Amino acid sequence: MPLVPLEHLDEVREELVKARKSRHRRLLVITGDDDSRLVTTALDFIYNVKDLLSGEKVLYTYHAFYSDGAMRKELFEKGVPRELSVDYVSYHKLDEVLGRTYAAAVADLVNNLEPNDLGRVMGVVEGGGLYIFLLPSFTRLLETVTRFQSNLIVPGYTDKDLKRYFEKRFIKKVMEHQGVAVYDADNRYWVKKFGKTPSTPYARPKPVLPQKSKIPVKVFNLALTQDQVEVLKIFEHFYAKAEKEKLVFVLTADRGRGKSSAVGLGVGWLAHRLRRAKGKCKVVVTAPAVTNVQEVFRFSAAVLDLFKHKVEVLEDESGMITKLLSKGIEIEYVTPLDVLKAKGDLLVVDEAASIPVPLLFKMLKRFNKVVYSSTIHGYEGAGRGFSLRFLKRLKNEEGVKLYEYEMSEPIRYAPEDPIEKWTFDLLLLDAEPCEITEDDLSLVSAGEVYYDAPNEEELFLKNEEELRQFFGIYIMAHYRNNPNDLGIMMDAPHHFLRMVRLKNGKIVVSLELASEGNLGEDLSKESAKGAWLMGNIIPDRLIKHYKILDFGNLRGIRVVRIATHPSVMGKGLGSFALSRLEEEARRNGYDWVGAGFGVTYELLKFWLKNGYIPVHMSPEKNPVSGEYTVIVVKPLSEKAKRIVDVIAKEFKQKLLGSLASPYFDLEPEVALLLLKSTPSFEVKVNLTKLQLARFLTYAWSDMTLENCIDVVGIMTRLYFLSKKKPSLSELQELLLVSKILQAKSWHLTCQELNLSLAEATSNMKQIAQIFSKEFLGVNSEEEALRYFFLRMDDLNEGVSA
């Protein structure tokens, strides 16, 4: 006799029969604190529906790092019906199966209820399929410290300080939504049944193929939806030469719409056609991770196979496809940063919303044909904000022929799927900010705004509309969001929220903040020796790199994320939010406020405008964004001011010595901003007579820069360090950064600064003469002449000024 009563088993079977008619999915949550009973209950339900699942794959995912997780997996494996084919995949390898489709998925969430895991797994089951979640009892769930939560307990906090709003939200949403049932395995009863879900039969409309096309019918026949047909029709335009204008296609879709597979079909056909026309074709494919583009590769390979190309598939050590090779055809994945060094007939950028807009435009500059595709809502998504902002700027670009398309029809399941609705709601995947009206703009103009500290329990568990406004601003602001960001915000004990509202209550600025510091001597020493301190990013980096233990004793607030509603940007609301935050921090005895961010010119200007001081920059670029991370701090106490001043001076000198390497490719404008925003101090000229002679010969006579670039380097560093300095134009300062400090060639310097070689060399000579007058007191060639003809007796002393 089964552990679950027979009438209880029928509940799932009846629901799954309904689901298969409507091509919708169902979610069964099984709770229990007895591991054996939990797994056996799941097996009972699976046995009762095995005929509905037979012939199709089932996914079982679990936490392999936990012995009890591995034990439950073994228990399931021993008991599962033999006629079912099951893939057993640990959560840390779940990206490997994101392109696959399953009839059912069993997700063991006993050890870890992590938002990213939910985001990944909720797209793999097809319409008519079943999810089974294994969870501890809800009482125990709210007491257990999961692996995800353990990483949020930072020094100064314990597990008792965890906020646990995400787990409470999970339970709330499970109980609210239709298509989701909860079964108590320990007590053998339904906590909640599936509800009245619709069972209207659904048949996918057959796509209408074009009457005439360069693309053969056999390729169109691989398309499952009309949306995919329309995407292929746009790819047809990319066979033409991009002579007078660049060809750009921006494709957007919610998750599960077959976006990547449609792009793969188009890429495969285009590669075949271009190979036939000109003998070879190279397609460059990029995305934040190689896992994002597996469907592109699979469907490209399928199309090439249709045309009888012999395709060699290259994979990395984890089994991810990285390249397709055939005679005259190469389709290759490269990282977003490496795209700027790549060449090809076509560039495909998948999940483009996760790549900074400036980098996307640099890619466009390098390629004449570009396809940008991105998920709107979903685990990889970034909301409509990306397409709105990106398209607005793209439409202002001259010489661009733009095609746009948004896919809407789901591939794996029918529209209005209840489990998609549950996932989007739980993880706020489709959150959007409030609509801003003319009346709202008037409130902003009149300064009718206020800084607010929300009640987080109310916000996360009751005020759904306000939460969607708050989080929607981050999505619109092009933050690279994933579900774990929401989980951290809801559970981390040291994170807290602030917002700026209009007088009518609408949220226009969202701030996520973290308390840091107050480490004590022992932890500060650990950091100084190289240990990584969880949740203390700013103290950890500054102590590691500058060894000043005193900073660890200070208390600070890190601005994790700050974003303004896109309709009211540029109106001072972000600065208003920071000023109120600083006032609050001072009242509460904090020593500093700071932030870390991928540095761009505009973002750095915002922080500098608000009085923040650069104190550190990562030596490596982020491989996805192509940005260096900069840390800025605004000291609030006298002790913090003294320490930050010392660190900022040291950072400036370090930066001056590091611009040639590792910061050779830092934008000169950003480097200049960093140099001008860090402290200057009294410095002395200290040159030998021979160095002085070479420099003056360059400044006032015929010596080339290359023969005295070492001395020009000394004088350049003197200029940027010195309190008292001559007046140079911004162009001249950028010339010093690019040519002298970053040691770039004349060609690259002129290209970056949009100068002719004659303009660049003339300006450099002028700079040398200005330095000669200001730092050396030599005002003309006549005065310099006495240094052109030296004797041994002249070399006894150096030159100080």
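Because the structure is a prediction, the values reported are computed rather than measured. (Residues numbered from 1 in each chain as written. Predicted model: local features only at pLDDT ≥ 70, side-chain atom pairs only at ≥ 80, totals over all residues. Heavy atoms only, no water.)

**Student:** Mind laying out a nonpolar patch on the surface, listing which residues take part and the relevant values?
**Tutor:** Nonpolar side chains collect at one region of the surface, where Met175, Tyr189 and Val191 lie side by side and expose about 240 Å² of accessible area between them. Among the secondary structure elements, methionine 175 is positioned in helix H8 (residues 165-176). (Patch = residues over 30% accessible without salt bridge, like charges linked within 9 Å, V, L, I, M, F, W, Y side chains within 5 Å. Areas by Shrake-Rupley, 256 points an atom, 1.4 Å probe, with all protein chains shown as cover. Salt bridge = Lys/Arg side-chain N within 4 Å of Asp/Glu carboxyl O. Helix = DSSP H or I, 4+ residues; strand = E, 2+ residues; numbered from the N terminus.)

**Student:** Lay out a negative patch on the surface with the relevant residues and their values.
**Tutor:** There is a patch of like negative charges on the surface, built from Asp702, Glu781, Glu782 and Glu783. We classify glutamate 782 as exposed; its relative accessible area is 61%. (Lys, Arg positive; Asp, Glu negative; His and termini not counted. Charge placed at Lys NZ, Arg CZ, Asp CG, Glu CD. Buried < 20%, exposed > 50% of the residue type's maximum accessible area, 1.4 Å probe, protein only.)

**Student:** So what about the UniProt feature "binding site: acetyl-CoA" in the protein chain? Which residues, and what values?
**Tutor:** Under the UniProt annotation, "binding site: acetyl-CoA" lies at Ile562, Ala563, Thr564, Met569, Gly570, Lys571, Gly572, Leu573, Gly574, Ser575 and Glu602. Residue placement: glycine 570 occurs in the loop between strand S19 (555-564) and helix H22 (573-587). The class of glycine 570 is exposed, set by a relative accessible area of 87%. By the secondary structure assignment, lysine 571 is in the loop between S19 and H22. Excluding anything up to four places from it in sequence, lysine 571 contacts Leu441 and Val444. (UniProt positions renumbered as here; feature names shortened; annotations may be inferred. Contact = heavy atoms within 4.5 Å.)

**Student:** Quick one: what's the story with the sheet that holds strand S11 (residues 321-326), residue by residue and with numbers?
**Tutor:** Taken together, the eight strands give an open sheet; going across it, the order is S10-S11-S12-S9-S13-S14-S8-S15, and neighbouring strands pair in mixed fashion. Both edges of this open sheet fall to strand S10 (312-315) and strand S15 (400-407), since each of them pairs with a single strand only. Within the sheet, the average angular offset between the axes of one strand and its neighbour, ignoring direction, is 15°. Here strand S8 (residues 246-253) pairs with strand S14 (residues 369-375) via seven bridges, running parallel. Bridging from a neighbouring strand, leucine 247 pairs with lysine 369 of S14. (Pairing = 2+ DSSP bridges. Axes fitted to C-alpha atoms, helices over the stretch in contact; angles between N-to-C directions.)

**Student:** Give me the lowdown on the packing of helix H27 (residues 709-721) against helix H28 (residues 730-741), citing residues and values where you can.
**Tutor:** Where H27 meets H28, the closest approach of the two axes is 10 Å, and the angle between their N-to-C directions is 135°. Classified by the angle their axes make, H27 and H28 are oblique. In this structure, H27 crosses over H28, and the sense of that crossing is left-handed. On the side of H27, the interface is formed by Ile709, Val712, Gly713, Thr716, Arg717, Tyr719 and Phe720, while H28 contributes Glu733, Leu736, Val737, Ile740 and Leu741. (Parallel < 35°, antiparallel > 145°, perpendicular 65-115°, else oblique. Left-handed = near helix turned anticlockwise from the far one by under 90°.)

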